[in-house]
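What follows is the residue order along each chain.
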Amino acid sequence: MNRHLCCIPLLLLSCLVAIGCQPSAKPSDPEVARQSLQSMLDLWKNGGSAAELKAGTPSIVCVDDDWEQGGKLVEYKVDDAPFDDGNNLHFKVKLSIKTKQGRDITKTITYIVGTHPVITIFRN
């Protein structure tokens, strides 16, 4: 057996130990998360774009299919008690949207908000 092949299991074990020893992600700041989500929803409601949100201070990275597809946010209501998974906060939000095709829809979705190392908002 080639002696270099014997080193592969040791190398793999070293990598797994190194990965397992990485510090865990920093928990999200609830106040920053709520303010960021509200800023995102207000910007969408006022006709702004996700690019404006990213270019703002602080920069917020957001992905929302309805927004990206040209839907207009008419109303929203954020649930008072987000779920904290230890790293991100999960906010249930009731949205009233007018689609690009002119249909009125109402749905409740969950936004996952992280605040470290950058502020991110994604739909679940």
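Quick look at the structure, then. Remember, it's a predicted structure, so these values are computed and weren't measured experimentally.

Note on pairing: side chains with opposite charge can pair once their charged atoms come close. For the structure on display, the rule yields 5 salt bridges. A single salt-bridge network, built from bridges that share partners, covers Asp64, Asp66, Lys107 and Arg123.

With that settled, consider the environment of Asn124. Among the structural elements, Asn124 can be located in the segment after strand 6 (119-123). A relative accessible area of 67% places Asn124 in the exposed class. Separated by 32 residues in sequence, Asn124 and Lys92 place their C-alpha atoms 9.8 Å apart.

Moving on, we come to the pairing of strand 5 (residues 104-114). The pairing of strand 4 (residues 89-98) with strand 5 spans 10 bridges and is classified as antiparallel. Counted as the bridge partner of Lys92 is Thr110 from strand 5. Joining the antiparallel neighbours strand 4 and strand 5 is a turn of 5 residues, in which Gly102 adopts a positive phi near 95°. Joining the antiparallel neighbours strand 5 and strand 6 is a turn of 4 residues.

Let us look at unusual backbone geometry. Omega for the bond connecting Thr57 with Pro58 falls within 30 degrees of zero, at 0°, which places this linkage in the cis form. Looking at the secondary structure, you find Pro58 in the loop between helix 3 (50-55) and strand 1 (60-63). Residue Pro117 follows His116 across a cis peptide bond; omega there is 0°. Mapped onto the fold, Pro117 is located in the loop between strand 5 and strand 6.

What follows concerns the environment of Ile97. Structurally, Ile97 can be placed in strand 4. According to the relative accessible area criterion, Ile97 is buried, its value standing at 2%. Ile97 sits 21 residues away from Tyr76 along the chain, and the two C-alpha atoms are 8.8 Å apart. Among all residues touching Ile97, those that are not within four sequence positions of it are Trp44, Asp66, Gly71, Lys72, Leu73, Val74, Arg103, Asp104, Ile105 and Lys107.

Our next topic: helix 2 (residues 30-45). The first and last C-alpha atoms of helix 2 sit 22 Å apart over 16 residues, in line with the 22 Å expected at 1.5 Å per residue. Buried within helix 2 are the following residues: Ala33, Ser36, Leu37, Met40, Leu41 and Trp44. Looking straight down helix 2, one finds that the buried residues subtend no more than 130° of arc, so they occupy a single side. Backbone nitrogen of Glu31 and a side-chain oxygen of the N-cap are separated by 2.9 Å at the start of helix 2; the cap is Asp29. Gly47, located one to two residues past helix 2, shows a positive phi value of around 90°.

Take the pairing of strand 4 next. When strand 2 (residues 72-78) meets strand 4, the two strands line up antiparallel, connected through 6 bridges. In the strand pairing of strand 4, Lys72 is matched with Lys98. The pairing of strand 3 (residues 83-84) with strand 4 spans 2 bridges and is antiparallel. Looking across to strand 4, one finds that Asp84 is bridged to Leu89. Taking the residues that link successive antiparallel strands as the turn, the strand 3-strand 4 hairpin has 4 residues, and the phi of Gly86 there is positive, at about 100°.

Conventions we followed
Residues numbered from 1 in each chain as written. Predicted model: local features only at pLDDT ≥ 70, side-chain atom pairs only at ≥ 80, totals over all residues. Heavy atoms only, no water. Salt bridge = Lys/Arg side-chain N within 4 Å of Asp/Glu carboxyl O. Helix = DSSP H or I, 4+ residues; strand = E, 2+ residues; numbered from the N terminus. Buried < 20%, exposed > 50% of the residue type's maximum accessible area, 1.4 Å probe, protein only. Pairing = 2+ DSSP bridges. Contact = heavy atoms within 4.5 Å. Expected span 1.5 Å × (residues − 1). Arc of directions from axis to C-beta. Polar contact = N/O pair within 3.5 Å; in protein donor to acceptor, adjacent residues only side chain to side chain.

Geometry only, nothing functional implied.
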